[in-house]
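Chain and residue survey
Read off the chains here:
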Amino acid sequence: MAEAERVCVGVPQKADLKLKYGWPFPDMKDPPLTFRVKSNIIIPLVGTFSKILLKWCNSVSGHNVERLQELVGNRPEGVPLVTVSNHYSCIDDPALWGLLRWRDLWSAHTMRWSPAAHDIAFTRQFYSWFFSHGKCIPIIRGLGVYQQAMDFMIERLKEGQWVHIFPEGKVNMGMEHIRLKWGVGRLVYDSPVCPIVLPFYHVGMDQILPTRVPYIPRVGKTVTVVVGEPMDFKALVSEMKEKQEDPTTARKVITDKIQEELGTLLWSYGYLFRSCTAKNPKKTMENK
C-alpha cells in the first residue's frame, strides 16, 4: 500500500502505543493565553476553508441540518453535545462543518473536540502543534476505551463542550456495515453530565476527496447530509448505574442504540434519494 493511501485510510505505521511528542495539551481548565490565541487563529482559518469547500465549491443537500446548527450554537449552558456520524473520507472532518453558521465556525470555544489517530495526525511536531490547537485529540488505537484521550474528552463534556466522534474508528472505504467501537458508549456513560447525542449520516464526501490517489479535493460534487433527532440517554444511564451494570455491558448497550439510529438514517437517505430520483431523474443524474 502506498504511503499516501495508508495515511488517508488509517492503516497504522507500526505498533507504537505512545505519543511521539508527548501529550500536546496544557491544563484545559485554565489554558495559557498562547494556546487560546493560536486556537483562535487556526480554527477560523480551517472553518473558512470548510465552508468554501463544502458550500461554495460543491453543493449540499441537507435534511434537518438546522437541528445540528441549533445544538452546536444554542443548546442550554453546561449541556454537553456528542455528535456521531459515518466516516467515508479523510476530509469528513473538517469539511462537514461547512454546514455550520459562520459565527460557530469562527468560534474556538464553540467548535468541536474530536479524536484523531495518533499514528497519522500526530507523527510530526508541526502536526501535533497544528491539530492540537485545532481541537483534535490524539487517540491511540489499540489502547482501549480507558486512555488519556478518552479521559480528556470526558473532561470536556463535563464542561458542557461539544465532542464529535467517528465511531467506526477508521475511514470506511468500502462503505460497509461496521460494528461501532464502544468508546462512544463510554463517553455517554461516564460523562458526569449526560450529553445530548446527535447522529447524522452523510454521502458524497468521498467524491470531494476520494480515498485514492491523487488526494486532491474535487469541485462540483453533491453531498447529502441527513441529521437525526437528539438521543436522550439520561433515563437509561441512570437505570444502568442504579443496577450497577457492568461498564462493558453499559457501553455496548449505548453503542448499539447509536448504531441502530445511524442505520435508520441510512435507510432515510435511501428513501430520500429514491424520492428525488422519481421527481427529477435528470437533475439526479447530473449530480452524479
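It should be noted that the structure appears before, not after, this text.
Predicted model, so just to flag it, every value in this text is computed and none were measured.

The subject of this paragraph is the environment of Arg-101. By the element assignment, Arg-101 lies in the loop between α4 (92–95) and α5 (102–105). Spatially, the C-alpha atom of Arg-101 lies 9.4 Å from that of Val-72, the residues being 29 residues apart in sequence. Looking at Arg-101, its side chain comes within polar contact range of the main-chain oxygen of Gln-69, at 3.4 Å.

Taken together, Leu-33, Val-37, Ile-41 and Leu-45 make up a surface patch of nonpolar side chains, about 390 Å² in accessible area. Relative to the helices and strands, Leu-33 resides in helix α2 (residues 33–56). Judged by its relative accessible area of 56%, Leu-33 is exposed.

So, about empty space enclosed by the protein. Inspection of the entire model under this criterion finds one cavity of 30 Å³ or more. Considered as a void within the structure, the largest cavity measures approximately 30 Å³ in volume. What lines the largest cavity is simply Leu-19, Lys-20, Tyr-21, Gly-22, Pro-24, Phe-122, Ser-128 and Pro-138. Of the residues assigned to the lining of the largest cavity, the class counts are five nonpolar, two polar and one charged.

What the rule picks out here adds up to ten salt bridges. The partner of Arg-156 in a salt bridge is Glu-159, with the nearest N and O atoms 2.7 Å apart. For Arg-156, a relative accessible area of 3% translates into the label buried. In this structure, Arg-186 and Asp-190 form a salt bridge, with 2.8 Å as the shortest nitrogen-oxygen distance. One end of the pair, Arg-186, and the other, Asp-190, are both in helix α9 (residues 183–190), four residues apart, so they sit about a helical turn from each other. Overall, Arg-186 belongs to the buried group, its relative accessible area being 8%. Judged by relative accessible area, which is 28%, Asp-190 ranks as partly exposed. When salt bridges with common partners are traced through the structure, they connect Asp-151, Arg-186 and Asp-190 into a single cluster.

Thresholds applied
- The residue count restarts for each chain, going from 1 along the sequence in the order it is written.
- pLDDT decides what is reported in this predicted model: residues at 70 or higher carry local features, side-chain atom pairs at 80 or more are listed and counted, and totals for whole chains, interfaces and linings draw on all residues regardless.
- To obtain the side-chain values, all non-hydrogen atoms of the structure were included, while hydrogens and water were left out.
- A run of H or I in DSSP becomes a helix once it reaches four residues, and a run of E becomes a strand once it reaches two; helices and strands are each numbered from the N terminus.
- In the analysis that follows, any N or O atom pair within 3.5 Å is treated as a polar contact, provided that within protein one partner can donate a hydrogen and the other can accept it, and provided that, for residues neighboring in sequence, both atoms belong to side chains.
- Think of a patch as exposed residues, more than 30% relative accessible area, with no salt bridge, where like charges cluster within 9 Å and nonpolar side chains (Val, Leu, Ile, Met, Phe, Trp, Tyr) cluster within 5 Å.
- Areas reported here follow the Shrake-Rupley algorithm with a probe of radius 1.4 Å; residue values treat only the protein chains shown as occluding.
- Counted as salt bridges are all cases of a side-chain nitrogen of Lys or Arg within 4 Å of a carboxyl oxygen of Asp or Glu.
- Exposure categories follow from relative accessible area, calculated using a 1.4 Å probe and restricted to protein chains: below 20% of the type maximum is buried, above 50% is exposed, and the middle band is partly exposed.
- Cavity: a set of points on a 1 Å grid over the protein atoms alone where a 1.4 Å probe fits but cannot get out. Pocket: an open set with protein on both sides within 12 Å along at least five of seven lines, its lining residues, like those of a cavity, having an atom within 4 Å of a point.
- Grid points are joined across faces, edges and corners, and a volume is the space filled by probe spheres set on the points.
- Amino acid classes used here: Ala, Val, Leu, Ile, Met, Phe, Trp, Tyr, Cys and Pro are nonpolar; Asp, Glu, Lys and Arg are charged; the rest, including Gly, are polar.

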